[in-house]
Amino acid sequence: MASLTVTDAQVRANPAKVIQPAWVRVMHWINAFAMILMILSGWQIYNASPLFGFTFPREYTLGGWLGGGLLWHFAAMWLLMLNGLAYLVTGFATGRFRKKLLPITPSGVLHDVRAALTFKLGHDDLTVYNYVQRLLYAGIIVVGVLIVLTGLGMWKPVQLYYLVALFGDYPTARYVHFFCMAAICAFLVVHVLLALLVPKSLRAMIIGR
Amino acid sequence: MAKRPFLIPGVDKRLLIKDSIKTMPDVSRRRFIAGGASLGALTLLTGCDVVDSSSAEEMLKQVSKFNDAVQAFIFNPDALAPTFPESAITKPFPFNAYYDLDDAPVVSAADWKLEVRGLVDNKKSWTLDELYKLPQVTQITRHICVEGWSAIGSWTGAPLRDFLKLIGADTRAKYVWFQCADKDGYNSPLDMRSALHPQTQMTFKYANEILPRAYGFPMKIRVPTKLGFKNPKYVVSMEVTNDYKGGYWEDQGYNSFSGS
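Thresholds applied
Residues numbered from 1 in each chain as written. Chains lettered and ligands numbered in written order. Predicted model: local features only at pLDDT ≥ 70, side-chain atom pairs only at ≥ 80, totals over all residues. Helix = DSSP H or I, 4+ residues; strand = E, 2+ residues; numbered from the N terminus. Contact = placed C-beta atoms within 7 Å. Buried ≥ 20, exposed ≤ 12 C-beta atoms within 10 Å, placed from the backbone. Nonpolar A, V, L, I, M, F, W, Y, C, P; charged D, E, K, R; others polar. UniProt positions renumbered as here; feature names shortened; annotations may be inferred. Pairing = 2+ DSSP bridges. Axes fitted to C-alpha atoms, helices over the stretch in contact; angles between N-to-C directions. Parallel < 35°, antiparallel > 145°, perpendicular 65-115°, else oblique. Left-handed = near helix turned anticlockwise from the far one by under 90°. Domains from an automatic or database assignment. Expected span 1.5 Å × (residues − 1). pLDDT = per-residue confidence, 0-100. Core = buried A, V, L, I, M, F, W, Y, C linked by C-beta atoms within 7 Å.

## Description of the overall build of chain B
Summing up its helical and strand segments, chain B has six helices and 10 strands in all. Put simply, of all contacts in chain B between residues at least 6 apart along the chain, 69% involve residues at least 24 apart.

## Quick word on the overall build of chain A
The helix and strand tally for chain A stands at nine helices and zero strands. Listed N to C, the secondary structure of chain A is α-α-α-α-α-α-α-α-α in terms of helices and strands. Expressed as lengths along the three principal axes of its C-alpha atoms, the size of chain A is roughly 70 × 35 × 35 Å. Expressed as a percentage of its 209 residues, the buried residues of chain A come to 27%. Long-range pairs, those at least 24 residues apart, make up 60% of the contacts in chain A with a sequence separation of at least 6.

## A short note on the interface of chain A and chain B
Opposite the 29 residues of chain A that make contact, chain B presents 36 residues. Looking at the side of chain A that touches chain B, the elements that each hand over two or more residues are helix H2 (22-48), helix H3 (66-93) and helix H8 (170-197) of chain A. Sorting elements by how many residues they give to the side of chain A that touches chain B places H3 of chain A first, with eight residues. Taken together, the residues of the side of chain A that touches chain B break down into 18 nonpolar, seven polar and four charged.

## Things to note about the UniProt feature "domain: Oxidoreductase molybdopterin-binding" (unreviewed entry) in chain B
Summarizing the sequence annotation, UniProt attributes the feature "domain: Oxidoreductase molybdopterin-binding" (unreviewed entry) to residues 105-249 of chain B in the numbering used throughout. The distance from the first to the last C-alpha atom of residues 105-249 of chain B is 18 Å, and the span holds 11% helix and 38% strand.

## Looking at the pairing of strand S6 (residues 187-191) of chain B
Residues and elements named next belong to chain B. Extensive coverage of S6 is indicated by the burial of five of its five residues. Judged by which residues are buried, S6 turns out to be covered on both faces: Asn-187, Pro-189 and Asp-191 on one side and Ser-188 and Leu-190 on the other are all buried. The pairing of strand S5 (residues 175-180) with S6 spans five bridges and is classified as antiparallel. Bridge pairing links Tyr-175 to Asp-191 in S6. Hairpin connection, S5 to S6: the antiparallel pair is bridged by six residues, and Asp-184 has positive phi, about 70 degrees.

## Observations concerning the packing of H2 of chain A against H3 of chain A
All names here are of chain A. H3 packs onto H2 with a crossing angle of 150 degrees between their chain directions and a minimal axis gap of 8 Å. What the angle tells us is that H2 and H3 run roughly antiparallel. When you trace H2 past H3, the crossing you get is left-handed. Taken together, the residues that form the contact of H2 with H3 break down as 18 nonpolar, nine polar and no charged.

## Comments concerning the sheet that holds strand S2 (residues 126-127) of chain B
The sheet built from five strands is open, its strands ordered S2-S1-S10-S5-S6 (chain B) with mixed pairing. Each end of this open sheet is capped by a strand with a single partner; those strands are S2 and S6 of chain B.

## A short note on the domain arrangement of chain A
All names here are of chain A. With domains assigned, chain A is organised as domain 1 (31-93) and domain 2 (95-209). A separation of 17 Å is found between the C-alpha centroids of domain 1 and domain 2. At the junction of the two partners, domain 1 supplies nine residues and domain 2 supplies 11 residues. Among the elements that line the side of domain 1 that touches domain 2, the one with the most residues is H3, at five residues. Split by residue class, the side of domain 1 that touches domain 2 holds six nonpolar, three polar and no charged.

## So, the packing of helix H6 (residues 131-155) of chain A against H8 of chain A
Residues and elements named next belong to chain A. At a closest axis distance of 9 Å, the pairing of H6 and H8 adopts a crossing angle of 145 degrees. At the point where H6 passes H8, the crossing takes the left-handed sense. Contact with H6, carried on its side by Leu-136, Ile-140, Val-143, Leu-146, Ile-147, Thr-150, Gly-151, Gly-153 and Met-154, involves Tyr-170, Ala-173, Arg-174, Val-176, His-177, Cys-180, Met-181, Ala-183, Ile-184 and Phe-187 of H8 and no other residues of that element. By residue class, the composition of the contact of H6 with H8 is 14 nonpolar, four polar and one charged.

## Considerations on helix H5 (residues 106-117) of chain A
In a regular helix each residue adds 1.5 Å, so 12 residues correspond to 16 Å; H5 of chain A covers 16 Å between its end C-alpha atoms and thus fits that length. The positive-phi residue at the C-terminal boundary of H5 of chain A is Phe-119 of chain A, with phi of around 55 degrees.

## With respect to the UniProt feature "transmembrane region" (unreviewed entry) in chain A
Under the present numbering, the feature "transmembrane region" (unreviewed entry) in UniProt falls on residues 26-46, 66-90, 135-155 and 175-199 of chain A. Span residues 66-90 of chain A is 100% helix and 0% strand, its end C-alpha atoms 35 Å apart.

## With respect to the confidence of the model for chain A
Chain-level pLDDT for chain A is 92 on average; 92% of the residues reach the 70-or-more range. Mean pLDDT across the elements of chain A bottoms out in helix H1 (residues 8-13) of chain A (51) and peaks in H3 of chain A (98).

## Things to note about the nonpolar core
Counting residues in each nonpolar core, the largest one holds 37 residues, and the members touching the most others are Leu-37, Met-38, Trp-72 and Ala-76 of chain A. Those elements that place two or more of their residues in this core are H2, H3, H6 and H8 of chain A together with helix H3 (54-74) of chain B. For this core, the element with the most residues is H2 of chain A, which contributes 10 residues. When residues of this core are assigned to domains, at least three map to each of domain 1 (31-93) and domain 2 (95-209) of chain A. Filtering out sequence-adjacent residues up to four positions away, Ala-76 of chain A remains in contact with Ala-34, Leu-37, Met-38 and Ser-41 of chain A. Trp-155, Phe-163, Tyr-175 and Met-202 of chain B belong to the second largest nonpolar core, which has 35 residues in total.

## Some details on the environment of Trp-72 of chain A
All names here are of chain A. Among the structural elements, Trp-72 can be located in helix H3. Judged by C-beta crowding, with 27 C-beta atoms within 10 Å, Trp-72 ranks as buried. When the C-alpha positions of Trp-72 and Ser-41 are compared, they lie 6.1 Å apart, and in sequence the two are 31 residues distant.

Below is the structure:
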């Protein structure tokens, strides 16, 4: 590409660099919506029989009471699961996961964590994820898979007994489900904060560029 | 734990009251199903009041019906609930109801009869002595409450499918509908396939002892493939029917199939 002239082919290939393709953007926001419904209704369900010595404030729960929370949870789960499944299939099929999230090397992660903490981590090229991003984005996909598997196992502990067995027993699956939620909430805080600190990344997730 | 006073072995009074309050039916809460009370967060995020409307409630009801159908579709009548050794039994096994144990029905064994109605050949009522003579089996299974907690218990009784056969029930009917002696009248429909599941049981004993009042004397229906609220206690009648007659919790919004 040392040519000084720009060929038609190059113009067509690169009209203006698309950072986030349309399918990623659509699925991202559907997921965000479904995830918030799941978390708020999940807190309602948690409050009916808390695992720990606290409950979630009523103002941040969905459904009004346990029955309402369950209705929301078992409605939003379809949106979350179908969208998540489509995302996984497309992510693998298009090679996006491989291209964007791999490799993840310990030395790369260490280097970028250090750079991030000293505010030296650059965000010039949003098409390339740094190692911290790769680790977090790959990690949250794994957490997403775990929370759906434990959730399905708790929904159908007889029909899908092997899912429950995978995590030990029913109460353990509940704890895993809870900690996955906690991990997603922690991710959400960091994710939103950084998106606001690097607004062009937020723009890319809305209009693509 | 040890210094707390117990009403009966295994029932902690304070926990019991706490549980009762938690599950207390509240007439005002049904209108909150659509989340009117607590949707500040979502309203902020979406910028509109999408969820505080009757259409949201209607949508949720439709999805719940859809979920009933999905659950019935994936229900495998041969899939057995996992069973456990005696050492795994939860002690004490919790008492749970929408009322205090002091308000639990007191049923006189001598006066009690199980009424049988609906699509059956033999509508005779059954005394407890007659029912005790039926062949019985014991299961140690996990009871899972809609609230999320669970406990493993030991139940002994007659498989419901044997009894349905004995009374000549039309097993092509859609439901077996149970009515109970609880105050305010507890009832719950059980879909026929779940009623015919090999582990579904007319339970007369808990931990090899005559079913105590806390767990539903004289008879409870133990359905290890269903959430706890679909395991009625203090049962007084069963009706084989094609009509969906609703249920105490089902009418308030709990998913009707609620099968595991």
